[in-house]
Amino acid sequence: MLSRKRSSKSNTPFVPPFAQPPTTKLLKPTTAAAAARNEPTTSATASPQPKSTPLPQSQSPIDKMVSLLADAGCTLINPAGPPCLPSDLYKFRQRLDGIFSRDSSLRAQFLKGFSDYISSTFNLRRVLLPCHQDGFGSIRRDSFVRILLLVRSIQQDLLDMLLEKLPEYFDVDPVVSSCGFSSSLRVDEDVARLILNQFRWLDFLVNSEAFVGKLLQVLTICPHHLKREIIGSLPEIIGDQNNTSVVNSLQQMLQEDSSIVVPVLDSFSNLNLDDLLQDQVIMIALSCIRTIDIEHIPYLLRFLLLSTNTSNSRRIISKIREQLKFVGASHTQISQNSKLKGISVVHNTEASILDALRSSLRFKNILCLEILKELKSLDEAHKHKVIDIWLLVLIFMNCETLQKSVEKLFKKKILDGCFQEYMFEQCIHGIKDLPKDFLTTFVSLAAYMLACKEQRVQEFGVHIYICLFEELCDAYSRQEVLGALLTHVGSGIHFEVSAALDAMVKLASKKSQELISLSSHINGILDYLEGFSVENLHKVYEVFTRLAVSDHSSSQPYGCSIANELLMILRKQINNSDLMYKKMGLIGTLKIVSYIADTNNSSLPPLSQRSNYDEAVELLKLSLDSCKQMPLPLILFYEELVLTLQSKTLHPVVMEWIGKQVVEFESVYLCDLDSGNLIDQDSSQGLEGELWMNLDGDISPICLNILPLVFSSIRSTSTLQVLPTKFILLSLVERSANQGSLGGIDALLGCPFHLPSSKLFSELSWQSLTVKQKQIAILSLYYASNWMRELLNVFSTQVVKECDIISQATKEEIIPKLLKRLINLVFVECLLDSCLKQHPVLLPELCPHWELSPVIEFDHAGDLEKMNQLHKGSEGISQNKKRNRAKSSSPLANSNIEDKLRQPTIVDTWKKAGAIPSQETIEEDVLVTSSKNKQSESDENQADNSNVPQNIELSAPVKYLEAQRYKFRPLSVDCLTILTSLKNNEGSCCADPSAELPLHLYLLRDLHKKLDQLSPTRKQTLARCSNAAAGFTGIKSNDFLGKLRPWFPYLRKNFDRAVLHILREDTETCKEHWIAQSSLAANPEITNTSILASPTQTSISVFKETLLCIGKMLNLPDVLKEKEILSDILQAFQPMEISGCFFQGMQLIPSPGNMDYLYSGAYIFVGTVFDEATNFSFTLASEVLLTLELLVTSIRMFLDVSLCENGKDACTEFSKEIVPFLCNKLGSYAQKLLTHKCDRDDVDRSLKTKGEMVQKILRIYLANCQSTSDSLNELACSVLPQVSSSGTSVEDDNQTFPTLCPATMIVWYRVMHEENISTLNKLVKEIAVLEKPRVGAEVESLKRLLNKMLQSVNVFVSLISVCRNNDKVSVHAMAVKYGGKFIDSFLKVFDFLQAQFEMHKDLILNLIKELQKATRTIQTLCSEAKGSKQTAITCKIPATKRSMERFLFHVKGLLYATPSGCSFWMGNLKHKDLTGQIVSSQAYLDTQNDDTNNDDSADPIVEDQTAE
């Protein structure tokens, strides 16, 4: 310890710190009084006496107080500064406490003197400020008052004294700071704050209750700034006592003044509260959500979320979601200090709210799970709020493990209609300073949405991208958004690319100015053009066209450079010889033309020195010149031009140029007639020509000159390929010039066609034709067919109800001609299919599909030789396939045909459509190409029967034509409604209503193809494109069916006619309908060939096609959302009367007019047809049953996707009983069909060729019967063993299921295996639910599950045992395959079996023993398959073996882990066959273990020892 020396020059006497005090010398009263009045005086240091001395009565209270302190060792009056305290404060406090405890009068005098002393502000500040301590220098310590407050005897009095002094200093004017109001004085100058500081962290409180009560009273009158500080300091002042009164008082003050919520929450957080008070505090905080100011919300949220636990988290989250008014920065209030910061208070507040939520979720993982549970439990759209989106976003940011769950929940909420676009707009609207990590999260979620297949989810993702780009104005954010969109564009996934380009198009239309500056980032799209579909190419060029045109006159150079670069790229593409790049150039050029030549865009600045209209004409000229010599690009050019004219109104300058291009139509394609006869009778290539199908008779002035043009197309570029599209262009020009009327070209509707003579199509004449002549004849029919299709498309627009410009007289004149042209079309296509069957020809494309590989074009005669070489190669392929039994086609050997043609073979094309030409037909083409020009052997055989009349059935599918149907021009939707315009059987030979059925069947099949394109079940894009009708793609299903709404009653009427003829044996049907109609339509007569329409076959085809179309229409997702269209479809197929007995057993019967009533009516109608069809044909009854299943499926989909405007189910009036009720009916129908005694030949013939039909019927029965497990048990144990593999069944006449025969046994076997495994998997899920801790399982439920498992095992054993009596390899292979799968599923419940073993020991052991029977049989099957090298079985053995080994060790573990009383062992067992005989190769083995080793190798043996 260092010593200090006193200076010798000091005038003050030295007082040693621990020296004994000298003789007491009391202060004079005048000295104390002067000190109290702040008068300077000289004072001597008084040392305390060891014993107290009575004070003179003449002293003042202040003098007495000072004397007492001096006696205790403290110098209160210190002119040099604060009071000087002794070195040992503890002794000092103890001495004072002893004095005051012994003498209450001294205590009172001291308090009176101290009160008088602090009446002066100066003195009060002196005792409140930190003072010096004697001893080792001057050390600043606690204040004098704080030392006195630790004296127990006077603490409460001093506390009351200070609290009473506190209001005297409330008048300090507060100032406004960033944190609110605060004192304008420093801490050492603010007496009120100095007093408050004395109360903090006291070692003890003598009477805490009294002090807290007094403090809370003072708190109610404090100014706001001081009140906030006192409330925030309460935990430091009161400690852990009196929390109840504090909480109650603060609650009352919060109700009076919500602005103190922040210090109150701070105080609540620091108080040590019990569970009851903690819940009360949380309730107080929850009640403040709606009442406090928005700037206080972040503190409140942080307090609430950090106060959560497992018991209250769900309640807190629910209240926050319900009461928090957080809708994004949509407010417009601007703070007063916004001039400095440039942002609004709302922006900062909401950023703070997000930060509070984010930090709370980061530190409380339980909150993330509870939020997800809360949102999952909400099923109504109106209960969802904007904050839900933010909560999911924050969970996505904070918890990586829950990101997949957040994405799935986002997707579900969007599909359910709970999250709408406006909600996301409110999320980010107006936020200028969105943190970058938020941007990354939003982009990630939008990327996930665009990668989803559901269109609704994709649209939401597109909206997110657009909102982010619009709201975030900084370059970085917008570049990130564009970069994400470009990533989608380059993904190569069609729907993802399409959605991303949709977003780009919307951005280009809304924010083109902003995109221009970022054009360098967008140009990357041009790198992916080769992989884009035509639809996506349109979108790409629309983006760049808008960018090039929108800001061309801007001072920035971007617009000009974009336009120049775009035009340069397009010119390069157009002039490229590659068809793919030419296609891109044509689409881009026409897109620019449609934009700059639109009359609605007349204010656009010019792209070049010419006007936009002149620039458009130049671009059209450039495009036309580049593709004049190539039919397919020329077709595409006209197609794009037609689409432009249909959607835009172009400038007269452009229309004038287009009109000049169709002027030459008459001179190229038409020729004049003389009194209805040809002027020039010259034959082409020796083919005699004649006029076909002249509807105008002798007054017809012109004809379509097809035959000469086909002959010329063999030598040079075909002009007929362009005929359909050029005719459409002509009709549009005519319509625009005549206000929608086609009166100027109506002569084309009835004019005849110049085609090869009809005599040439007879059997004898056809055989005499050369290959080139046959090709010319087929192509003539092909072009005539497509010409009639376009005639129907163009002129049908004149008779639809929407067309009011055309007079009724004109419509009545057009309708009969349209009907006749439809008859002509059916006739020509049937004849064309017959010709293609005899002589296959690759038809040129009239409707190009650019997504497919390049196609063959017949531009010269050399294509004929290529065709024949192709047939040779095809023959070699088919022979090679037959030898090797390969499933996939192999490349052509020793031939470069594929490289030259770049086209799939005709055989491959037909195989896709199910139309394979016969071997004789291929040989015919090979021999015809030889120099000898001989016919094939098949032709020679047919020549012997050439005089036999040939009949072509009109209702039969045109298989050879359908193989190339995608090359035909499509029929428009308006054509499907032509027949609805007929009145009183117009054009028919009699009043029989079934006269229209052949034409109706043709239109039905076309409708079926269109519905296939709208159906979402098609997986392969190329297959969809190959069958897609050009001009039909892109249309929505609800728009399509909306146009067909008038056709629905007509569909029902013809269905009734077909049913009447087929099922009710209508013998009065006229047999000559088609002949009479064909004659009226001027169809030619062909020698020895008749194209007939059998009434029965036609009715059957109409029956099937109608049912297929109904099922497809009712299951289109878009249609299920359009209640009006759905109601019209169902209304069209209602029965005459719905009997009340149908709903017997239902508690809530559907009401008329509701959707459930309409569905029930349609079900009753189809069910009535089923009852009649069952007695007629198994095949027709099967089609009806599938339609009934589709009706039930449609009901389920309707219940899932239907939402009303407020988010509740639109099906509140929909009876929930209807689905199980109709399913039960469906199962009965399926059982009736399976057990119906049909004609054996009909059953066998149908099921051998269509095994899938039986499979579907059996699945319907098992899925909709009352108990799937009971039905499986009956079928597997009783019915299936009756069928043998020899082709005969036991007791054929008494068989329960006639459809179960040797031909269909494999189908039944596979379905029963799959359904049994499915049943077991459902049991596994039920067991998993029961094993959860919160779910209590009753004994009866457990026993029921075990019995169900035993039943499933019995079914499995019975199915495996079938192999012992059936030697089919396919049956054995399925037993091995499904055996392993069943065991894998069974192993999932072993933990459950072990837990229940003691209670259900016998039942579980029975399960294992029964299953052991099947495993032994499977072991034998595997051994035999290996020995006989049956690859169909051996490939499935490894997986099954592994499953059985796992089963073995699971059984072993189960028996060893439980006191079962059972023995378990494994042994090397003998190799036996399925009959139980020992295999001869094993005869030499030791026979010592014959008594024990009686089973297959590696099979567990379980014996119950308790039975012995």
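Our subject is the structure listed above.
Reading the values: the criteria
Residues numbered from 1 in each chain as written. Predicted model: local features only at pLDDT ≥ 70, side-chain atom pairs only at ≥ 80, totals over all residues. Heavy atoms only, no water. Salt bridge = Lys/Arg side-chain N within 4 Å of Asp/Glu carboxyl O. Helix = DSSP H or I, 4+ residues; strand = E, 2+ residues; numbered from the N terminus. Buried < 20%, exposed > 50% of the residue type's maximum accessible area, 1.4 Å probe, protein only. Pairing = 2+ DSSP bridges. Phe/Tyr/Trp six-rings, centres within 6.5 Å; stacked < 30°, edge-to-face > 60°. Core = buried A, V, L, I, M, F, W, Y, C linked by side-chain atoms within 4.5 Å. Contact = heavy atoms within 4.5 Å. Axes fitted to C-alpha atoms, helices over the stretch in contact; angles between N-to-C directions. Left-handed = near helix turned anticlockwise from the far one by under 90°.

Observations regarding the pattern of salt bridges
Here the idea is simple: oppositely charged side chains can pair when their charged atoms come close.
For step 1, the next point in the chain: Counted under the stated rule, the structure contains 43 salt bridges.
For step 2, the next point in the chain: Ionic pairing is found between Arg 1052 and Asp 1056, a salt bridge with its closest N-O pair at 2.8 Å. Within this pair, Arg 1052 and its partner Asp 1056 are both found in helix H50 (residues 1047-1062), separated by four residues, close to a single helical turn.
For step 3, the next point in the chain: Its relative accessible area of 13% is what places Arg 1052 among the buried residues.
For step 4, the next point in the chain: The network of salt bridges with common partners includes Arg 789, Glu 829, Glu 962, Arg 965 and Lys 1009.

So, the pairing of strand E12 (residues 1089-1092)
For step 1, the next point in the chain: By the alternation rule, side chains of E12 split into Thr 1089 and Ile 1091, which are all buried, and Ser 1090 and Leu 1092, of which none is buried.
For step 2, the next point in the chain: Relative to E12, strand E11 (residues 950-953) is paired through four bridges, and the arrangement is parallel. Note on E12: the bridge partner recorded for Asn 951 is Ser 1090.

A short note on the packing of aromatic side chains
For step 1, the next point in the chain: In total, this model carries 31 aromatic pairs according to the counting rule given.
For step 2, the next point in the chain: Between Phe 665 and Phe 727 the ring centres are 6.3 Å apart and the planes differ by 35°, which places this aromatic pair in the tilted class. Placement of the pair is Phe 665 in helix H34 (residues 665-669) and Phe 727 in helix H36 (residues 723-737), with a sequence separation of 62 residues. One exposure class covers both Phe 665 and Phe 727, and it is buried.
For step 3, the next point in the chain: Relative to Phe 1198, the ring of Tyr 1159 has its centre 6.2 Å away and its plane inclined at 55°; by these criteria the two rings are tilted. Of this pair, Tyr 1159 sits in helix H55 (residues 1155-1174) while Phe 1198 sits in helix H56 (residues 1178-1201), and the two are 39 residues apart along the sequence.

Points about the nonpolar core
For step 1, the next point in the chain: Core analysis: the biggest nonpolar cluster contains 447 residues, and Phe 637, Leu 748, Leu 1041 and Tyr 1309 have the highest contact counts within it.
For step 2, the next point in the chain: Broken down by element, this core gets its largest block of residues, 15 residues, from helix H40 (residues 808-838).
For step 3, the next point in the chain: Among all residues touching Phe 637, those that are not within four sequence positions of it are Leu 586, Leu 590, Leu 620, Ser 623, Leu 624, Cys 627 and Trp 657.

Observations concerning the packing of helix H63 (residues 1369-1387) against helix H67 (residues 1437-1457)
For step 1, the next point in the chain: The contact between H63 and H67 brings their axes to 8 Å, and the two run at 35°. The chirality of how H63 crosses H67 is left-handed. Between H63 and H67, the contacting residues are Val 1376, Lys 1377, Gly 1380, Ile 1383, Asp 1384, Phe 1386 and Leu 1387 on the first element and Ile 1437, Thr 1440, Ser 1443, Met 1444, Arg 1446, Phe 1447 and His 1450 on the second.

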